[in-house]
Amino acid sequence: MNYTFPELPYGYEALEPEIDAQTMKLHHQKHHKGYFDKFLNAIKGTEMEKMDIKDIFENISQFPDAVKNNGGGFYNHALFWKCMTPDKNKQPEGDLKDALTKYFGTVDNFKEDFSNAAATRFGSGWAWLIMKNNGELVISSTPNQENPLMGVSEIKGKPLLCLDVWEHAYYLNYQNKRPDYIKAFWNIVNWDEVAKRFNKK
Ligand code: MN3
């Protein structure tokens, strides 16, 4: 597979004040780019070069940790950028809203459960909304740069929404106050992207 490093779908300052420009710039240009470069390096000259990244993830336990850490870091951030938008304070609608209501009671309950998963992930990691093979929506969290597509993941499914809770994602602006960062995230969720992923069979 050929990989390209994704540009942000908006400017570095576009998500302020929820996420400051300096954090976005460092996060994209240094952290994400670092994972991308190291991922390419880790698969270079191996069978993985010809594999789809989802097949690599599914069989991740067969490959070196560098592939899990950097392949996950590459994929997770590319999705994370798309899950946010400067078009603020939107809410889920239509079938996605119905599904969130079905599985979590209300949209607010969903946000509360997801926030809780993000807040209680010990150390570095991610919170996820995923769709299992049977169509069920589930919240999970993963350590480090793991994701729910990986064979090693406790809960597996298709990622619909993710939130980076590594300190590098929020520390400049929020310091140790991870819950404040999580709360602000809801203002900038790109529900159109989540719906697009939800509707794609
Ligand atoms: Mn990150």
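For the structure, check the block above.
Rules and cut-offs
Residues numbered from 1 in each chain as written. Predicted model: local features only at pLDDT ≥ 70, side-chain atom pairs only at ≥ 80, totals over all residues. Heavy atoms only, no water. Axes fitted to C-alpha atoms, helices over the stretch in contact; angles between N-to-C directions. Helix = DSSP H or I, 4+ residues; strand = E, 2+ residues; numbered from the N terminus. Parallel < 35°, antiparallel > 145°, perpendicular 65-115°, else oblique. Left-handed = near helix turned anticlockwise from the far one by under 90°. Contact = heavy atoms within 4.5 Å. Nonpolar A, V, L, I, M, F, W, Y, C, P; charged D, E, K, R; others polar. Donors = N, O, S within 2.8 Å, 3.2 Å for Na, K, Ca; no water. Buried < 20%, exposed > 50% of the residue type's maximum accessible area, 1.4 Å probe, protein only.

A.B. asks: For this particular structure, what's the right way to read the packing of helix α4 (residues 94-104) against helix α5 (residues 107-120)?
C.D. replies: Helix-helix packing is characterised by the crossing angle of the two axes and by the distance between the axes. Orientation of α4 relative to α5, taken along the N-to-C sense of each, is 70°, at an axis distance of 8 Å. In terms of axis orientation, α4 runs roughly perpendicular to α5. Judged by the twist between their axes, the crossing of α4 over α5 is left-handed. Taking contact as the criterion, the partners of Lys97, Leu100, Thr101 and Phe104 in α4 are, on α5, Val107, Asn109, Phe110 and Asp113. Along the lines of polarity and charge, the residues of the contact of α4 with α5 split into 4 nonpolar, 2 polar and 2 charged.

A.B. asks: In this structure, what is going on with the coordination of the manganese ion? I would like to understand it.
C.D. replies: Protein-derived coordination of the manganese ion comes from His27 (NE2), His77 (NE2), Asp164 (OD) and His168 (NE2), at a distance range of 1.9 to 2.1 Å. Taken in chain order, the donor set of the manganese ion reads H-x49-H-x86-D-x3-H. Here His27, found in helix α1 (residues 21-43), pairs with His168, found in the loop between β3 (158-164) and α6 (171-174); they are 141 residues apart in sequence, far enough to count as distant. Using a relative accessible area of 18% as the deciding quantity, one classes His168 as buried.

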